[in-house]
Amino acid sequence: MRPFTYERARDPQAAVKAAAETPGARFLAGGTNLLDLMKLEIERPQHLIDVGRLPLGQVEETPEGGLRIGSMASNTALAADARVRSRYPVLTQAIVAGGSPQLRNKATTGGNLLQRTRCAYFYDTSKPCNKREPGSGCGALEGLNRNAAILGASHACIATHPSDMAVALVALDARVETLAPDGDAREFPLMELHRLPGETPEVETHLIRGELITAVVLPPPPEGGQVYRKVRDRASYAAGLASVAVAGGRVALGMVAHKPWRAAEAEAALAGGASPEAAMDAELASASETGRNGFKITLTARLGAAAIAEAKGTR
Amino acid sequence: MSSVADYALPNPVTDNRSGLIGKGVDRYEGPLKVTGSAPYAYEVTPPSPPAYGVMVPATIACGRIIAVDAKAAEASPGVAAVWTHLNAPEQAPRGTRVHPRSTAPSRPVLEDDRVRFFGQPVAFVLADTLENAQAAAHLVQLTYEEQTPDVDFHGQLAKAEQPPGEEDVEIGDFANGFAQSPAKLDETWCTPIQNHCQMEPCASIAWWDGETCVVHTSVQMVKPAQHGLAETLKIDRDAVHLMTRYIGGGFGGKGQTYDDITLAALGARFLGRPVKVAYSRQHMMHGTIHRPATVQRVRLGATKDGQLTAMSIMTTTHCQRDGHFTEHASNFARSLYAAPNRLTGHRLIHLDLPGAGPMRAPGEASGMLSLECAMDELAEALGMDPIELRIKNEPEVDPETGKPFSLRQLVRCMREGAQLFGWDRRNPRPGQARDGRWMVGMGMAAAIRGNFLLPAKASFSVDRHGVITVRQGMTDIGTGSYTVLAQIAAETLGVPLADVRVEIGDSELPPAPGSGGQFGAATAGSAALAAGMNLRKAIADLAANDPGSPLHGGPAEAVTFQDGVIAIANRSESLASLIARAAPEGLTVEGEHRPAADARNWSQHTYGAHFCEVGVDPVTGETRMRRMLGVFAAGRIINYKTARSQLTGGMIWGVASALTEGNAVDPRYGSLVNQDLASYLVPVQADIGELDAIMLDEADDKANPLGIKGVGELGISGAGAAVANAIYNAVGVRVRDYPITPDKLLGAMLAR
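Residues numbered from 1 in each chain as written. Chains lettered and ligands numbered in written order. Predicted model: local features only at pLDDT ≥ 70, side-chain atom pairs only at ≥ 80, totals over all residues. Heavy atoms only, no water.

Honestly, the sheet that holds strand β7 (residues 169-171) of chain B in this entry has me stumped. Any pointers?
Within a sheet, adjacent strands bond to each other through the backbone by hydrogen bonds, running parallel or antiparallel. Residue and element names in this part refer to chain B. In spatial order, the strands read β7-β17-β16-β15-β8; together these 5 strands make up an open sheet with mixed pairing. Strands at the two margins of the open sheet, each flanked by one partner only, are β7 and β8 (183-191). Between one strand and the next, the sheet's axes are offset by a mean angle of 10 degrees, whatever the strand orientation. Bridge count between strand β15 (residues 294-302) and strand β16 (residues 308-320): 9 bridges; the pairing is antiparallel. The partner of Gly301 across the bridge, within β16, is Ala310. Contacts from helix α10 (residues 364-382) reach β8, β15 and β16, with the element oriented near 30 degrees to β15. (Pairing = 2+ DSSP bridges. Helix = DSSP H or I, 4+ residues; strand = E, 2+ residues; numbered from the N terminus. Axes fitted to C-alpha atoms, helices over the stretch in contact; angles between N-to-C directions. Contact = heavy atoms within 4.5 Å.)

Set out below in structure tokens:
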């Protein structure tokens, strides 16, 4: 770990200001991902701004009948929230499918969205990785890439986004609220937070420097069933091979792309009366395999179809 | 020299008068461990504040270091030294054994410019704090001349050669016998590299007390660690005082030492202050040994009614370039089933990988994953129950040596297990049972693992309070050594457990081989019994000759020991009062046990039967273990609780081997892909359903004076095969490439 300086932010405005003004600054919330990466010198921030104690931990009703989730609400608290459990069960299911209880106790809503890939070549600093060291190449491309992306990948990066929670939030049509260093509050669909890798996989979101996620807003729950399913090699505390969140007519896929993947093609096919299988086939028509991950296309198709059918209550 | 016949004579342990033997006694050191107050090597408090050493692992697998730039590291805050092969302190050349009886040769660190495997420690930083040492370690710049590593095991199977000094073992005429068999099976299984993943990484703290190097480390065997360090440092063996009091898992990976111990000793000498060195979790994967991958070809020939006529396992495996370790995955089959024509052997490939070495049940853990599935396949092909097929081929005597078995209750394990597990509810036709979305199947496998006994010593003391202290250069790697030694001492001297102290893990104590090969309890325990018997005699003689004792005049042979009281008929006094009066400084005696001269006249093993029920999700190919039962025959059980933990721990590892666990080499870099416990998948709580291990009530009076056998490696042997057979019963396809992950199983199900 490199030496770094640390400050605890007084309020969100001070946090974003400090983040914009201090070279090499990063926000620290639960620390469940950032600190691990710092120990391995994958992340080498010069300055940490601790936002973990900012008063952004509330989960409150919105006038529209949805929920506004403060970005510092812990994963554990959010999954256990009675309103979430009853109205957004897919979110609770997704959160408890991720990490371990200890991690979920520390991890925050905002931090969960910004966690970084679990790609083995990102973690091993002796290997090339365009995400860790832009321009160095992609070690996974011709490597042991069984769990690489099948949608939206590029030659620069085939890493996946590992969050479970984000997949459910995308299916729920969540929006993100942020605070920018100039004091501007922004609000946009969560679907637009993350980027595909393209030629710059080191740039993972559309946030500007110093911009802080302050909340995630859920619209009223959609009509219809909600289901989260995740496939993994072991029953808990394992990165997923694929996941799917279904909320009414909306479908999102996880661990298959550089971002939580809104399955728009599948949704359109379902709206047009297609079967779950046909809907998933439509979505995955653009999927491509790299080396050893071809099974994920089949797996995702089957998993998605099963989850859609389960949400419909037809299976 | 004793004879096996002597083992059948009664002794306090087999008499078990106070009933301590066999009881589920709590761990002797348990409270220390669960409260975090047991000092593991890295946590031992040294006599003065320590410095910290951090190793820099090589980032290539094969080549030479052609330039070193340590300037930035040396200038980094708190750094006291940066060592590479260019400036490392002098050590004995590799393999030196100055003292002819050293149990390990020298293992110098940073010895030359050659890189032999990815992760080899190639530089070392000493600093005032761990953080400063770690930060500086990242600043050491090494330039390599890289050679393409030769690491592709599966690509080079044809190049494999007979391990040096070994020959295939053939009985009868295998080729002819197999060719003429009415029913045949010829299939190949693959097992991956596995890493030990002990909870406690390898770690050492060392300081110098005058000319003596005092070192606390984490190692399974005390004497080789002490001797190897002394040879490396070119000092007398007595000038190394090595301790290993608490060990957070070994599994064979700590049967040897690594560079942490040498660097701690050298660093402490250089700085004149204590030095701590530990491997990081990531570095453990490459910097220490692993269980090598295997490819096993199994051929079985049988009559239509299930009599095996020919049997063969041929294993191909790998080890490091300059090594010779062979994963003997075929050996166990030599004693398991009867068949007139038999062929077993091994082939070895040398690769530019880290060292291959022993891991829990070396041989059996990999090998039983093939043969015990092959037996399941053969049973199905013959329309037989897999248990009945095994019983039909149960040998009367060892099928290769013709020696009698010391005690073999394999059939009883299978029959009792079948009844307890509900085997009769298994539908032999696969793919028939469902529970919700899960397809459910049952499988079983036999277990066999050799039983061994080595020479060992121990000392026993009694003090004026009647407290017995056992001292032995034994180790406890989480198995229960402390506890079983306390039980043996308490039973032998007739004192309550609370009046027993156990001191182990110290090179200055009477030597014992340590923990490995599931010989620990029998070896250490037999020596403890011998020492305890010597102490009984010394106490009896003391009482018989002490005019102040009611036992004065003896006869010494008639003295009994129970509840802290010594007695001859109705004459008695407390042990404490005798010692306080007649030997206030206490008594200390040694004892020793050496294996009986005729021990090799018996074929001696431990046995078991595993039963497993799994669920497979037909949509995703995910397998989850639902329930598992093992029934084991391993001689007399000293401690029901610690033995059961050993067995269930082994079974859990078997579940891992079948479903999740393994590592893979990236052939471009010669490195392993899984480098932490988030990616190297050992089971978590949620992976293990209902699990139980049952031990038959037996005693093997050919094994040792205690009648006990090992359990540490039996539990994993065959366990994974039961899981694999259950998967087949659930879904009707076989995956012979472990672990059986969703991608492989779903692929096989869809290909059907």
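Anyway, onward from the coordinates.
I would appreciate a short explanation of the environment of B:Arg360 in the present structure.
With respect to the helices, strands and loops of the structure, B:Arg360 is situated in the loop between β17 (341-351) and α10. A polar atom in the side chain of B:Arg360 sits 2.8 Å from the backbone oxygen of B:Gly712. (Polar contact = N/O pair within 3.5 Å; in protein donor to acceptor, adjacent residues only side chain to side chain.)

Explanation requested: the domain arrangement of chain B in the structure shown.
Interface extent is often summarised as the accessible area lost during association of the parts. Residue and element names in this part refer to chain B. Domain assignment breaks chain B into domain 1 (4-38 + 455-594) and domain 2 (382-452 + 600-751). Using only C-alpha atoms to locate each centre, domain 1 and domain 2 end up separated by 36 Å. Across the boundary between the two partners, domain 1 contributes 31 residues, which contact 27 residues of domain 2. Regarding the contact of domain 1 and domain 2, the summed buried area is about 2200 Å², with carbon and sulfur atoms giving 59% of it. When the buried surface of domain 1 facing domain 2 is broken down by residue, Val4, Tyr7 and Gln518 rank first, second and third, together holding 31% of it. At the junction of domain 1 with domain 2, the criterion picks out 1 salt bridge. Two residues, Asp26 and Lys641, come together in a salt bridge whose shortest N-O distance is 2.5 Å. The interface formed by domain 1 and domain 2 holds 14 residue pairs in polar contact (both at pLDDT 80 or more) in total. (Domains from an automatic or database assignment. Buried area = accessible area lost by both parts, 1.4 Å probe. Salt bridge = Lys/Arg side-chain N within 4 Å of Asp/Glu carboxyl O.)

Got a minute to help me understand the environment of B:Ile391 in this structure?
Take B:Ile391: it is sitting in helix α11 (residues 386-392). It is 9.9 Å that separates the C-alpha atoms of B:Ile391 and B:Gln307, two residues lying 84 residues apart in sequence.

Even after reading the chapter, I still don't get the interface of chain A and chain B, so can you show me in this structure?
Chain A puts 34 residues into the contact, and the matching count from chain B is 38 residues. Considering only the side of chain A, the residues that lose the most area to chain B are A:Leu144, A:Arg234 and A:Arg302, jointly responsible for 22% of the buried surface there. The tally of links from chain A across to chain B stands at 2 salt bridges. One salt bridge connects A:Arg146 with B:Asp743, and the closest N-O pair in it is separated by 2.9 Å.

Mind showing me how you'd approach the pattern of salt bridges here?
When their charged atoms lie close together, side chains carrying opposite charge are able to pair. The tally for this structure, following the rule as stated, stands at 60 salt bridges over all chains. Two residues, B:Glu573 and B:Arg581, come together in a salt bridge whose shortest N-O distance is 2.8 Å. The class of B:Arg581 is partly exposed, set by a relative accessible area of 37%. Here B:Arg626 and B:Glu613 are joined by a salt bridge, their closest N and O atoms 2.9 Å apart. With a gap of 13 residues between them, B:Arg626 in strand β28 (residues 623-633) and B:Glu613 in strand β27 (residues 605-616) connect regions that are remote in the sequence. When its relative accessible area of 10% is taken as the criterion, B:Glu613 is described as buried. Here the salt bridges do not stand alone but share partners, grouping A:Arg26, A:Glu43, A:Arg116, A:Lys131 and A:Glu204 into one network. (Buried < 20%, exposed > 50% of the residue type's maximum accessible area, 1.4 Å probe, protein only.)

So what exactly am I meant to see when it comes to the pairing of strand β5 (residues 121-127) of chain B here?
All names here are of chain B. Of all the 7 residues making up β5, 7 are buried; the element is thus mostly covered by neighbouring parts of the structure. Judged from the 6 bridges that link them, strand β1 (residues 51-57) and β5 form a sheet pairing that is antiparallel. Bridged to Val56 within β5 is Ala123. In this sheet, β5 lies alongside strand β3 (residues 79-83) in antiparallel orientation, the contact comprising 4 bridges. Within β5, the residue paired with Val79 across the bridge is Ala127.

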